[in-house]
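Observations on the model geometry
Listed below, chain by chain, are the residues.
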Amino acid sequence: MKQDEKKSEILDKKKVSSQLSLSGWLDQRAPFLSFLKKEYIEFPMPKNLNIWWAFGAALCIILLLMCITGIFLSLTYVPTAQEAFLSIETIERRVPSGWMIRAIHIAGSNLFLFFMYLHLFRGLYYGSYKSPRELVWLSGLIIMMMIMITAFAGYVLPWGQMSYWAANVVMQALSSIPWVGKSLSYWLMGGTIPNTITLHRLFVLHFVVAFAILVIVGLHIIFFHVVKSNNPEGVEPCKEEEVLPFYPYFVCKDGVVIVFAIFLLVVLAFFFPNLLTNSENYISANPLETPTTIAPEWYFLPFYGILQVVPSKFGGVLLAMGSVCVLFLVPWLDRSPIKSCKYRPLHRVSLFLLIMSYITLGVVGKIHDQPLLIWLGRFALFYYYFHFLIVMPFSLRFDLQRSLPKSLLDAVRSKP
Ligand code: HEM
C-alpha cells in the first residue's frame, strides 16, 4: 500500500515538473520533441553501417539547397522564348551574387544525381529492396522518376541551343508512340516545335515537381523509420548490442559525408563552373540551326544511348522507359533469401557487369557514330535486361550460396 502511494507521488511530481517546463508543456500538446527524441536521437541503427549509408542524408541536404537556390533564381527568370536566355544572362551578370546562386544550383543538380545513383546502387548491392523494405525502395524509385522530370525541365529553361534541341529530341521521341504520340507531343508542347507555351509549362513542372519531391522524400523517410535500416551483412539486428543510437554516432558519420559533399559542391561551383555545362548552351536557341552533336547531360546519357542502339524509334523509347520500370519489379524478381551481395558471389559479378553495361550505354549516348560502339551498346542493353529478368529470378539456383552469420554481432566480431 505504502509502495503504491510512493509511486503515485513520484508520478505526480514528474507530471508537475513536466508541466512547469516549457518543453514539457509543449510536448504534452504537440509531441514534436518526443518524436524527435525517438526517431532522431534514440533511433537504433545497426552498428556496422558503412559510408554507403550516409548518402541518403547528403541527398536531403543537397535537395534543400536546390530548392532554396531555385527559389532565388525564379525571382529573376522569365519563362518566355524571347526573354528566357536574356534573363539567365541578367542572373549571371547583373543580379548581385546571381552567378553564385546559379553555379550552386547547376553543381548541386549534378552532385545530386551522382549521389542518387550511388544510393540506388547501394540498395541493389546490399539487397535493401527486399522484404520488409519494398515501400522504401518503391518510394525511392518514384523520387528518381520525379528527379529525372525535374532535371529535364530545368535543362530546357535557359533556352540555349542545347536546351531547345534537347526539348525537341524528347518531344520527337514521344511523338513516335503509335496512334497517340503525335497528339500527345502537340498537346504537351502547345505546338509543333518547342515554344513559349512549352517553356512556360516546363517552368511550372520544374517548380511544382521539385517541391513535390520534398513530400515524397518525407514519405520515403517515414517508410525507412518504420522498417529500420538494413546493413552491409543483410542480417537484421535482434539484440541491443547490435545497434547504436542515431545520435551521436550516425549524426557524426553522416556529418562527415555532408561536409565532404559541400566541399565538392563549392569546388565544382567556384573553380570549375563550366565543367558541367555545355558551351553550346551559351548560344541562344535557334530553331533553324541544329547543333553538330546533340547530347543530354551525363546522367541521361545511358537512356540516350538506348535510343541510339535500337533501330526503331518507338522500340528505343519503350526500352529506355522499361529500363527504369524494371527497377520497380526488383523486390519480386529477386527470390534469394540472402540480401547482401557479400554472400552472393555470382550475383555480385552480374551486378558489376550491369554497372559496366550502364556505363557502356552512357558512352554510346555520347559517341554514336561508330558501328562497333553501337553493337557494344546493343550487347550492353541486352545484358542490362538479362541481369534483371534472368539472373535475378534464377540466381537462387545457381549462386554459390555462402552461409550467413547467425547474428549481426557474429558478423561484426568475425571481422579482422
Ligand atoms: C531525393 C532522393 C533521395 C533521398 C533524399 C533519400 C533519402 C534517404 C535516407 C535519408 C535514407 C536513410 C539513410 C540511408 O540509408 O542512406 C534512405 C534510405 C533508403 N533509400 Fe533513399 N533517398 C532518395 C532516393 C532514393 C532512390 C532513388 C532509391 C532507389 C530506389 C532509394 C532507396 C532507398 C532504400 C532502399 C533505402 C533503405 C536503405 C537501407 O535500409 O539499407 N532512395 N533514403
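Since the structure is predicted, the reported quantities are computational estimates derived from the model, not experimental observations.

**As for unusual backbone geometry**
- Between Ser-131 and Pro-132 the backbone carries a cis peptide bond, its omega angle lying at 10°.
- You can see Pro-132 is positioned in the loop between α6 (98-126) and α7 (134-156).
- Between Tyr-247 and the following residue, Pro-248, the backbone shows a cis peptide bond with an omega angle of 5°.
- Mapping Pro-248 onto the fold places it in helix α11 (residues 246-271).
- The phi dihedral of Ser-97 is positive, around 60°, even though this residue is not glycine.
- Following the sequence through the fold, Ser-97 ends up in the loop between α5 (84-93) and α6.

**Let's talk about the site of the ligand**
- Around the ligand, the surrounding shell holds 24 residues, and the nearest of these are Trp-53, His-119, Ser-128, His-220 and Asn-230.
- Between the ligand and the protein, one listed contact pairs an oxygen atom with a side-chain N or O atom of Arg-122 at 3.1 Å.
- His-220 is positioned such that a nitrogen or oxygen atom in its side chain is 2.8 Å from a nitrogen atom of the ligand.
- Elements represented by at least two residues in the shell around the ligand include exactly α4 (55-74), α6, α7 and α10 (196-227).
- Among the elements that make up the shell around the ligand, the one with the highest residue count is α7 (seven residues).
- Residue composition of the shell around the ligand, grouped by class: 15 nonpolar, seven polar and two charged.

**Considering the packing of α6 against helix α14 (residues 345-366)**
- Contact geometry for α6 and α14: axes closest at 11 Å, N-to-C directions at 155°. Judged on the interaxial angle alone, α14 and α6 are roughly antiparallel. Here α6 and α14 pass one another in a crossing that is right-handed. Taken together, the residues of α14 that come into contact with α6 (itself represented by Tyr-117, Phe-121, Leu-124 and Tyr-125) are Arg-348, Leu-351, Leu-354, Ile-355 and Tyr-358.

**Brief notes about the domain arrangement of the chain**
- Its domain assignment divides the chain into domain 1 (17-43), domain 2 (47-294) and domain 3 (305-406).
- Taking only C-alpha atoms, the centre of domain 1 and the centre of domain 3 are 47 Å apart.

**Side note on the side chain of Asn-195**
- Locating Asn-195 in the fold gives a position in the loop between α9 (181-189) and α10.
- A distance of 2.7 Å separates the side chain of Asn-195 from the backbone nitrogen of Ile-197, its partner in a polar contact.
- Excluding residues that lie within four positions of it along the chain, Asn-195 makes contacts with Trp-159, Met-189 and Gly-190.

Basis of the calculations
- Residues numbered from 1 in each chain as written.
- Predicted model: local features only at pLDDT ≥ 70, side-chain atom pairs only at ≥ 80, totals over all residues.
- Heavy atoms only, no water.
- Helix = DSSP H or I, 4+ residues; strand = E, 2+ residues; numbered from the N terminus.
- Near = heavy atom within 4 Å.
- Polar contact = N/O pair within 3.5 Å; in protein donor to acceptor, adjacent residues only side chain to side chain.
- Nonpolar A, V, L, I, M, F, W, Y, C, P; charged D, E, K, R; others polar.
- Axes fitted to C-alpha atoms, helices over the stretch in contact; angles between N-to-C directions.
- Parallel < 35°, antiparallel > 145°, perpendicular 65-115°, else oblique.
- Left-handed = near helix turned anticlockwise from the far one by under 90°.
- Contact = heavy atoms within 4.5 Å.
- Domains from an automatic or database assignment.

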